[in-house]
Structure formats: C-alpha cells, structure tokens
Amino acid sequence: MTDKATLTIGDKNYDLPILKGSTGPDVLDVRKLYGDSDHFTFDPGFTSTASCESKITYIDGDAGILLHRGYPIDQLAEKSSFLEVCHLLLNGELPTAEEFTKFERNITYHTMLHAQFDSFFQGFRRDAHPMAVMTGAVGALSAFYADSLNVDDPKQREISAHRLIAKMPTIAARAFQYSQGRPFVTPRNELSYSENFLRMCFSVPAEDWVPNPVLTRAMDRIFILHADHEQNASTSTVRLAGSSGAHPFACIAAGIACLWGPSHGGANQEALEMLEEIGSVENIPAFVQGVKDKKYKLMGFGHRVYKNFDPRAKVMQKTCYEVLEQLGINDPLLHVAMELEKVALNDQYFIDRKLYPNIDFYSGITLRAMGFPTNMFTVLFALARTVGWISQWKEMFEDPSRKIGRPRQLYTGATQRDYVPVEKRG
Ligand code: CMC
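Computed from a predicted structure; not experimentally measured.

Chemist: Residues and numbers for the site of the ligand, please.
Modeler: Close contacts around the ligand come from 20 residues, with His-264, Lys-294, Leu-298, Phe-301 and Arg-304 the closest. Here Ser-263 contributes a backbone N or O atom positioned 3.3 Å from a nitrogen atom of the ligand. His-264 has a polar side-chain atom sitting 2.6 Å from an oxygen atom of the ligand. Within the complex, the protein chains bury 75% of what would otherwise be the 940 Å² of accessible surface of the ligand. A breakdown of the residues in the shell around the ligand according to their chemical character gives seven nonpolar, seven polar and six charged.

Chemist: Outline the pattern of salt bridges, listing residues and values.
Modeler: Under the definition given, this model contains 19 salt bridges. Note that Lys-155 is salt-bridged to Glu-158, the shortest N-O span being 2.8 Å. Highlighted residues: Lys-155 and Glu-158, both in helix 7 (residues 154-180), separated by three residues, approximately one helical turn. Its relative accessible area of 28% is what places Glu-158 among the partly exposed residues. Two residues, Arg-217 and Asp-220, come together in a salt bridge whose shortest N-O distance is 3.6 Å. With Arg-217 and Asp-220 both in helix 9 (residues 213-226) and three residues apart, this pair spans about one turn of that helix. For Arg-217, a relative accessible area of 27% gives the class partly exposed. Here the residues in one salt-bridge network are Glu-276, Asp-331 and Arg-368, joined through shared partners.

How each quantity is defined
Residues numbered from 1 in each chain as written. Predicted model: local features only at pLDDT ≥ 70, side-chain atom pairs only at ≥ 80, totals over all residues. Heavy atoms only, no water. Near = heavy atom within 4 Å. Polar contact = N/O pair within 3.5 Å; in protein donor to acceptor, adjacent residues only side chain to side chain. Areas by Shrake-Rupley, 256 points an atom, 1.4 Å probe, with all protein chains shown as cover. Nonpolar A, V, L, I, M, F, W, Y, C, P; charged D, E, K, R; others polar. Salt bridge = Lys/Arg side-chain N within 4 Å of Asp/Glu carboxyl O. Helix = DSSP H or I, 4+ residues; strand = E, 2+ residues; numbered from the N terminus. Buried < 20%, exposed > 50% of the residue type's maximum accessible area, 1.4 Å probe, protein only.

Read these as geometric descriptors, not functional statements.
Okay, structure coming up:
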C-alpha cells in the first residue's frame, strides 16, 4: 500500500501524504498543498473533507454503524445510562464504579443556576420558540461564569464541561416551564439525571410528581441516541467558534443556533408536523408524489452520512413502541409513520438515492406521547448533544496541532477596480 498520492498540476507533481485512521477511509493530507502549489482545494459542504482528527465517534454510513469510543450505539442505548455515556465521550473510557460515583456527584452538584439567572428568562415573550430562548440563555450563561475562562487549563476545561452537562437540563426545563406559564422547579440531587429533568419539566406545585420508570428510561435513551454524531454541522460550529479561544458556553450557544435549522436538529419538529399534515394513511400516496416532484422533502428521511438505516432510528422505533404501550396511547400518527416508511422504502426514488429513516422519524411521536410540545423537540436534542459538543471542544484543545479554523474560498467576484464618485455612476 502506498502512503502518498501524487497530484499533477500542469507539469509539476505534488506528493500528498495519505493518513490512516484506526478504521474508515484513508485521508489525503493537503495541509501543505497551498504553500507548495499555490492551489486550494474546493469542497463546499465538506462532503470530502476531514476537518479534524478525532477519537470520539465513528460512523460507517454505508453499513449503518455508529460507535462512541468504539462501543456500538445500540449496546450503549440498551445497557448504559446517559451519564455513563457522558463520561465515556468526555474521558475516553467507561467509568469504573468509583469513577462513576464521583462523576455523577460532580454533575449533580452543578445543576442549579445562579438565582439571578432566573430573571433573565422573564425578558423573553412567552410564545418565543424555546430554541430562541436556549440560544440566548446559554450565551448569557457565559456572563455568569467568568471564573473558568482559561481554556488552555485542562482543569478549567473540565469544570466548564461538567457545568454545561449539569445545567442544560435546568435551562431546558425552564425554557419549557416558562412557555407554559408555570413556575420554575428546582433540581433535586437525589434523582437521576433524566428523572430530575422530567420532574423539572412536568411537576407543578399543586400536586406530587410521580416518576414513571419507563418514561425515565425512554428519556435517558433518547439522550444517549443524540449524545454525539462526529463532525456534523453544529459540532463543527462549536469547534470553529472554540478555535478562536472563545468562552465555552458561548461556543455551545453557537452550536445550539446551528442545530435549530430544519436540515439538522430542527428536523424532529418538522417530521412530526409533516405526519400531522399527512393526517391519515390514504393521503400518503399524494404526499409521496409531492416529495418526488421535489415540492418538499420527506422529513426524518435521508442523511448526509448514512446511506443505510440510521442505527439510532432502529432503537428509537423500539423506544417509541415501549412508550406508547406504557402510556396506553394509540396514536394514529404512528400508523401514518409506519405506512409512510414502508411506502418510501419500496419506492424507486428513495431506493436510488439511498434515503432511509433517520433518528427524527420516530422521536417526535415518542416525545409527543411523553407530553412535550413539538417546539421542545430540538431543545431536547440540544440538551443531549451538549456532551458531544463539549467533548469535541475539549479534544480540540488537547490537540497540539490546533489552529484557528479559517477556510479559504474560490473567489468569483469583481477584481480590483477604482472607486467611482456617485455623480459619475449610472
Ligand atoms: N426527501 C426527499 N428527497 C431527499 C431527501 C428527503 N428527506 N433527502 C435527500 N433527498 C434527495 C435530494 O433531493 C437529492 O435528490 P437529487 O439527487 O434528485 O437532487 C438527493 O436525495 C441527495 O440529497 P442531498 O441534498 O445531496 O443530500 P445531503 O446529504 O446534502 O442532505 C439531509 C442530507 C439530511 C440534509 C437531507 O437528507 C434532508 O434534508 N433530510 C430531511 C431533513 C432531516 O430529516 N434531517 C435530519 C437529519 S438526522 C438528524 C441530525 O443528525 O441532524
């Protein structure tokens, strides 16, 4: 096997080293290409470009494989807990019992927000989209934690990571309670991460809140399924923002803003709204025809990397059935989703383009059954993805070859010309 490729431009040859990962495609190292040849590479959308080296998450999109630190996502979703997965993503290994106790305590004891922070929410309209509230609130959090700003200090990076994982459920629950006009609920240290979050979302002062183990487990599993997904748009945003040395909480706010878009995290809300719009099984053929005529997209289908079943979608489908059964809900949208999936998987348009259900296809039905309104779906995604973002951010700082992210461009605008005074223009 050769360890270099040769690029010929005109009559000159340039050697490009070939870098090998532990698995997955080899990578052509073009770092010196501009200096040597005066040429950039062109790859808008990064479809063929590795933006960094990482040891956290591996995806084989053709085989439908997703590994966190080597562990398959279905095993983690089945056997692990979200906090254990957080430890794994952040630190590289599953924790020992002792490490887990310490980690859990660290997270649990950072869940409260500064009392003054609560008044920040009052500035938003009650009908504001909770993702707008999240973007603003997490950005504002950077104003409350100025004591751990040295991003070059590993200890301070760790404190920021723990604070973020701990405080996101409290902020997300406040965004939800605020939109519902209900009082904020203080976190409880004796509850698990997911139980505490559900309590902060759904408990009201007028009655005792009773946990439901099936729903707690479903919430935890949904968090695990969304925890990280290698260099997706929001993660790349966090890395890029962080590459300048910006405050970690501000970087996460940038990630939340990116996640909000309908092609990324906003797709779970759109997928459920699409199922509602279809309404019943008889309307599926006409809807699918509209997709094929390119009037709109089938939300919850397709993925930049998976050209096979999204492995998270399989676990999500199972979780969806469990939740509906536990709550005794017979949701007609589930029938629409199942039929739509069947129709799409057998249609040549979707087969030719390798379009399969992604995680968002079944998550909306599950979250709706659990009591979340559609505009909260992306907030839950952001809560869970925070550990992925901060793990990738932390990894970037551990890489000695870190540089500020600064892409180049193919410039096609006007070349240099002289300024024309206004009376001479026209
Ligand atoms: N419905 C209909 N056609 C589609 C869809 C879809 N959901 N996705 C892709 N296509 C078509 C697209 O029109 C194109 O067709 P053609 O070759 O005739 O022009 C072809 O498939 C290739 O599409 P692409 O736009 O090059 O694919 P991409 O890799 O740039 O886009 C995607 C990936 C996720 C943005 C896209 O599949 C999409 O918009 N899906 C719907 C939104 C969605 O469910 N997003 C959630 C992704 S999973 C959660 C997350 O990780 O954020």
